[in-house]
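As a plain string of letters, each chain reads:
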Amino acid sequence: MDHFLYRDGALFAEDIAVAEIAAAVETPFYLYSTATLLRHYRLFDEALDGLPHLVCYAMKANSNQAILRTLAEAGAGMDVVSGGEYARAKAAGVSAERIVFSGVGKTLAEIRMALAGGIRQFNVESEPELEAISAVAVSMGVVAPITLRVNPDVDARTHAKIATGKSENKFGIPIARAREVYAQAASLPGLKVVGIDVHIGSQLTQLEPFEAAYKKVADLTDVLRADGHEITRLDLGGGLGIPYTRSNEAPPLPTDYGALIKRTVGHLGCEIEIEPGRLIAGNAGILVSRVIYVKSGEGRDFLILDAAMNDLIRPAMYDAYHDIVPVVEAAAAVELRPYDVVGPVCESGDTFAKGRQMPPVVAGDLLAFRSAGAYGAVMASEYNTRPLIPEVLVHGDQFAVIRARPTFDEIINRDTIPPWL
Ligand code: LLP
């Protein structure tokens, strides 16, 4: 459930009409709902009720400072995957003991940064990384808490580009080699093994792959404990999918997911961490855009929007489906028409939807892309020197621009002309 609902034919974000915000902030822009973010965070938190746990929001989904602070104030930890994300989490006021550091390619500088500023744990993905963290920790005279991310060789049944738990993927340590690598971790100075980490992919719409992976983690916990390792934490990753269409999808709910976690690993006495990103931020955001032209093509009509693939790359990159809805609905029932919905960028991949059935649209109309709060703004670029679009956060009947659109001068002045020119 989200807080983007129609009232008398006008799309509202919580208690403000989206059209009113569009009049104040030029389109295109991202618009987020505080109530939806908090609702989703709390669903996870409550789903793990009864187990010691921490919900570490995967901030790669949406890392705006205002979003991070909203979630951190509600009690969330953060899952970071770069020095930049670590710095963002700290700047938003997240305490070090609530930050976990994931990712396959942590640099020495990033490891140093996290050890200096404090970290709950590193989720380590390879032997060379284990050695690097050990060396940096020893050189700094500190001990680095670590888990090893195991690759359970489970098919997440999601888009190939966002599946991470099969043996052919670059992620984690093959579960069959886990004992060996845990033994190595225990023998290295400057490391403290605290648990096991697993993450099998994103936009999972079934629970079975999670169940298969978590059962393997439970078995591994027993084995590693028998080997003498202290396994006190299990980081179970993120990945629970969201409905991108209103009608035909019903992915499992956080409560079902929580029950599954309790069933598979609840008996182990471990502290549970999860790293949801998309489910917290995805349906808490929309992208608001205006139709520049309606162009009649060969047997089709194009809606040419002021938003483009550089603002929302998911359709071009993953053939992702986003609902596109009018910000002001037609007064009477109307017949739907097919449109190709495109942006102004100079390539055919700049297509949001083909033959999408929509109520008749005219130039100047406002449209909203739903489910754009996760992996939207964070994946945007300035391709075609199109400025990164603003982000706006709604809270009840208030709204605030939480990232302003840069001016052309700001963009241009980031370049430097070398002395020989
Ligand atoms: N933990 C780790 C280690 C991850 O790699 C990810 C996502 C998450 C947690 C959060 O997964 P979520 O709960 O958001 O599914 N750009 C793609 C999604 C990439 C996901 C990458 N890793 C998209 O737009 O669909």
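Residues numbered from 1 in each chain as written. Predicted model: local features only at pLDDT ≥ 70, side-chain atom pairs only at ≥ 80, totals over all residues.

The protein chain carries the name Diaminopimelate decarboxylase in an unreviewed UniProt entry, which gives Primorskyibacter flagellatus as its organism. Quoted verbatim from the Cofactor (unreviewed entry) heading of the UniProt record, the comment on the protein chain is "pyridoxal 5'-phosphate". In its Pathway (unreviewed entry) section, the UniProt entry covering the protein chain states "Amino-acid biosynthesis; L-lysine biosynthesis via DAP pathway; L-lysine from DL-2,6-diaminopimelate: step 1/1." (UniProt positions renumbered as here; feature names shortened; annotations may be inferred.)

Asks: Summarise the domain arrangement of the protein chain; cite the residues concerned and give the values.
Replies: Once the domains are mapped, the protein chain shows domain 1 (4–31 + 282–412) and domain 2 (103–274). The C-alpha-based centres of domain 1 and domain 2 are spaced at 36 Å. Facing the seven residues of domain 1 at the interface are six residues of domain 2. For the side of domain 1 that touches domain 2, the residue count by class is two nonpolar, four polar and one charged. (Domains from an automatic or database assignment. Contact = placed C-beta atoms within 7 Å. Nonpolar A, V, L, I, M, F, W, Y, C, P; charged D, E, K, R; others polar.)

Asks: Please set out the sheet that holds strand E1 (residues 4–7) residue by residue, giving values where relevant.
Replies: Across the sheet, three strands lie side by side as E1-E2-E3; this open sheet has antiparallel pairing. Each edge of the open sheet is held by one strand with a lone partner, namely E1 and strand E3 (16–17). Relative to strand E2 (residues 10–13), E1 is paired through four bridges, and the arrangement is antiparallel. The residue of E2 that forms the bridge with Leu 5 is Phe 12. (Pairing = 2+ DSSP bridges. Helix = DSSP H or I, 4+ residues; strand = E, 2+ residues; numbered from the N terminus.)

Asks: Could you give me a rundown of the site of the ligand, with the residues and numbers involved?
Replies: Residues in contact with the ligand amount to 19 residues; listed here are only the nearest, Ala 58, Ser 202, Gly 238, Gly 277 and Tyr 375. Put simply, the parts of the chain that give the shell around the ligand at least two residues each are helix H10 (278–281) and helix H11 (314–318). Here the shell around the ligand is composed, by residue class, of seven nonpolar, eight polar and four charged. Counting the residues that make up the shell around the ligand, at least three belong to each of domain 1 (4–31 + 282–412) and domain 2 (103–274). (Near = placed C-beta within 6 Å.)

Asks: Can you explain the nonpolar core? Please cite residues and give values.
Replies: Within the largest apolar cluster, 122 residues are counted, with the highest numbers of intra-cluster contacts made by Val 18, Leu 31, Met 78, Ile 133, Ile 146 and Val 288. Looking at this core element by element, the count peaks at six residues for helix H8 (residues 208–226). Counting residues domain by domain, this core receives three or more from each of domain 1 (4–31 + 282–412) and domain 2 (103–274). (Core = buried A, V, L, I, M, F, W, Y, C linked by C-beta atoms within 7 Å. Buried ≥ 20, exposed ≤ 12 C-beta atoms within 10 Å, placed from the backbone.)

Asks: Could you give an account of the UniProt feature "binding site: substrate" (unreviewed entry) in the protein chain, with specific residues and numbers?
Replies: With numbering matched to this structure, UniProt assigns "binding site: substrate" (unreviewed entry) to Arg 278, Arg 314, Tyr 318, Glu 347 and Tyr 375. With the annotated positions falling across 98 residues, the maximum pairwise C-alpha distance of 27.8 Å shows that they are not confined to a single cluster. By the element assignment, Tyr 318 lies in helix H11. On the basis of neighbour counts, which here come to 16 C-beta atoms within 10 Å, the residue Tyr 318 falls in the partly exposed class.

Asks: Explain helix H9 (residues 254–265) to me, using residue names and the numbers behind them.
Replies: Across its 12 residues, H9 extends 16 Å between first and last C-alpha, which sits within 8% of the 16 Å expected from 1.5 Å per residue. Of all the positions in H9, only Pro 254, Tyr 257, Gly 258, Ile 261, Thr 264 and Val 265 are classed as buried. When H9 is viewed along its axis, its buried side chains cluster within an angular range of 135° and face the same direction. Packing partners of the buried residues in H9 comprise helix H2 (34–47), H8, strand E12 (233–235), strand E13 (271–274) and H10. (Expected span 1.5 Å × (residues − 1). Arc of directions from axis to C-beta.)

Asks: Talk me through H8; I want residue IDs and the actual numbers.
Replies: A rise of 1.5 Å per residue sets the reference length of H8, with its 19 residues, at 27 Å; its end C-alpha atoms lie 27 Å apart and thus fit the reference within 8%. Buried-residue contacts for H8 involve strand E9 (144–151), helix H7 (178–187), strand E11 (191–197), E12 and H9. Downstream of H8 by one or two residues, Gly 228 has phi in the positive range, about 100°.

Asks: Go over the environment of Leu 421, please, and point to the residues and values.
Replies: With respect to the element layout, Leu 421 can be found in the segment after helix H12 (408–412). Taking C-alpha positions, Leu 421 is 48 Å from Glu 168, a pair spaced 253 residues apart along the chain.

Asks: Quick one: what's the story with unusual backbone geometry, residue by residue and with numbers?
Replies: Cis geometry is found at the peptide bond from Thr 27 to Pro 28, where omega equals -10°. Structurally, Pro 28 can be placed in the loop between helix H1 (18–24) and strand E4 (29–33). With phi around 55°, Asp 319 is a residue other than glycine that occupies positive phi space. If you trace the backbone, Asp 319 turns up in the loop between H11 and strand E16 (324–326). What makes Asp 319 exposed here is the crowd of 9 C-beta atoms within 10 Å. Positive phi is not limited to glycine here, since Asn 384 has a value of about 65°. With respect to the helices, strands and loops of the structure, Asn 384 is situated in the loop between strand E19 (366–369) and strand E20 (391–395).

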